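Architecture and fold: a report
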Amino acid sequence: MELIEAQTGPVLAYESVGAGLNSAVAARVRTADTTVFVKGLPRDHRRVWTQQREADIAPSVHRLAPNLLWHVQEAGWDLLAFTNVNGHHADYAPGSPDLPLVADAMTRLSSITASGIDLRSMPDRMTAYSETPELFHGTALLHTDWFPSNVLVGDDGAVLVDWAWASRGAAWIDPALWVVWLIKSGHTPQEAEGWAARIPSWTAAPPTAVTAFAQATAAVWEEIAEGEQATWVLDMLQAALTWRDSR
């Protein structure tokens, strides 16, 4: 708390919003003047590098993500503070009013390259799952983790949080990954691809490359789901297989 108060002044309220693989600290912190969102990891955590990645990406996505306010690396902790977003996690179900807002955010993201930031490429990420990973090459900044809790919908539209899995590749890959989430949420493959078609990068994608990516994505979820009991993981596997088979 001392590290936070050194940046914010006296804390009046501290509301934890959960912790997990990517954050040991995740909280809304309220002071007399404002509310900020703080996330952090111990500096010896194996994934602490994701903190620096988010800090590096923040200037490139300031209109698509909460603004980074400060980054502190002291006393064994790595902490990031962002403007607080009042909103709800995106609802991907058929008929949801959030869907066009997510498509709009994805369209805006597809034009961002964030050049100069060292990111893993999608061909590299998919090399173990595809015979043609070179089809996924591109220069776009990709979020790649479209878990609904990573998309907050508020008065100003959809904003994206948690850039731990940001990568570089073809701009149509984020819409492709969204397709699987849409199928998992109740859409048919055709309906899901219809939503993806609202994003120009998707409509420009070579069909053979998209089909290869669908096959690779199914292979990824087969690996993730091996020995897994979590319902959402098994549902994502089924969605990925359904999309692959539809192609």
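Residues numbered from 1 in each chain as written. Predicted model: local features only at pLDDT ≥ 70, side-chain atom pairs only at ≥ 80, totals over all residues. Heavy atoms only, no water.

1. Notes on the packing of aromatic side chains
Applying the stated criterion to the full structure yields eight aromatic pairs. With centroids separated by 6.1 Å and ring planes inclined at 15°, the aromatic side chains of W181 and W232 adopt a geometry described as stacked. One end of the pair, W181, is in helix 5 (residues 173–184); the other, W232, is in helix 9 (residues 231–246), with 51 residues separating them in the sequence. Between W221 and W232 the ring centres are 6.0 Å apart and the planes differ by 80°, which places this aromatic pair in the edge-to-face class. Separated by eleven residues along the polypeptide, W221 in helix 8 (residues 207–225) and W232 in helix 9 bring together distant segments of the chain. Counting every residue linked through ring pairs, the aromatic cluster contains F147, W181, W221 and W232. (Phe/Tyr/Trp six-rings, centres within 6.5 Å; stacked < 30°, edge-to-face > 60°. Helix = DSSP H or I, 4+ residues; strand = E, 2+ residues; numbered from the N terminus.)

2. Let's talk about the sheet that holds strand 4 (residues 68–74)
The strands making up a sheet are joined through hydrogen bonds of the backbone, oriented either antiparallel or parallel. Sheet architecture is open: five strands sit in the order 1-2-3-5-4, paired in antiparallel fashion. The two strands at the open ends of the sheet, each matched to only one other strand, are strand 1 (13–16) and strand 4. Across the sheet, the axes of successive neighbouring strands diverge by a mean angle of 25°, strand direction being ignored. As paired strands, strand 3 (residues 35–42) and strand 5 (residues 77–83) are joined by seven bridges and run antiparallel to one another. (Pairing = 2+ DSSP bridges. Axes fitted to C-alpha atoms, helices over the stretch in contact; angles between N-to-C directions.)

3. Re the pairing of strand 3
Residues in a regular strand point their side chains to alternate faces of the sheet. Across six bridges, strand 2 (residues 25–30) lies against strand 3 in antiparallel orientation. The residue bridging A26 from the neighbouring strand is K39, located in strand 3. Taken together, strand 2 and the strand that follows it, strand 3, pair antiparallel across an intervening segment of four residues.

4. Focus: the nonpolar core
In terms of nonpolar packing, the biggest core is built from 64 residues, with Y92, L141, W146, W172, W178, F213 and W243 touching the most fellow members. Those elements that provide at least two residues to this core are helix 3 (99–109), strand 7 (140–142), strand 8 (151–154), strand 9 (157–160), helix 5, helix 6 (189–196), helix 8 and helix 9. The contact partners of L141, leaving out residues within four places of it in the chain, are I57, V61, L109, I112, T113, A114, L119, W163, A166, S167, R168 and D174. One finds V11, V25, V29 and A81 within the second-largest nonpolar core, a separate group that totals eleven residues. (Core = buried A, V, L, I, M, F, W, Y, C linked by side-chain atoms within 4.5 Å. Buried < 20%, exposed > 50% of the residue type's maximum accessible area, 1.4 Å probe, protein only. Contact = heavy atoms within 4.5 Å.)

5. Details of the environment of A218
With respect to the helices and strands, the residue A218 is situated in helix 8. C-alpha of A218 to C-alpha of W243: the two residues are 25 residues apart in sequence and 8.2 Å apart in space. Apart from residues no more than four positions distant in its own chain, A218 is found in contact with L237, A240, L241 and R244.

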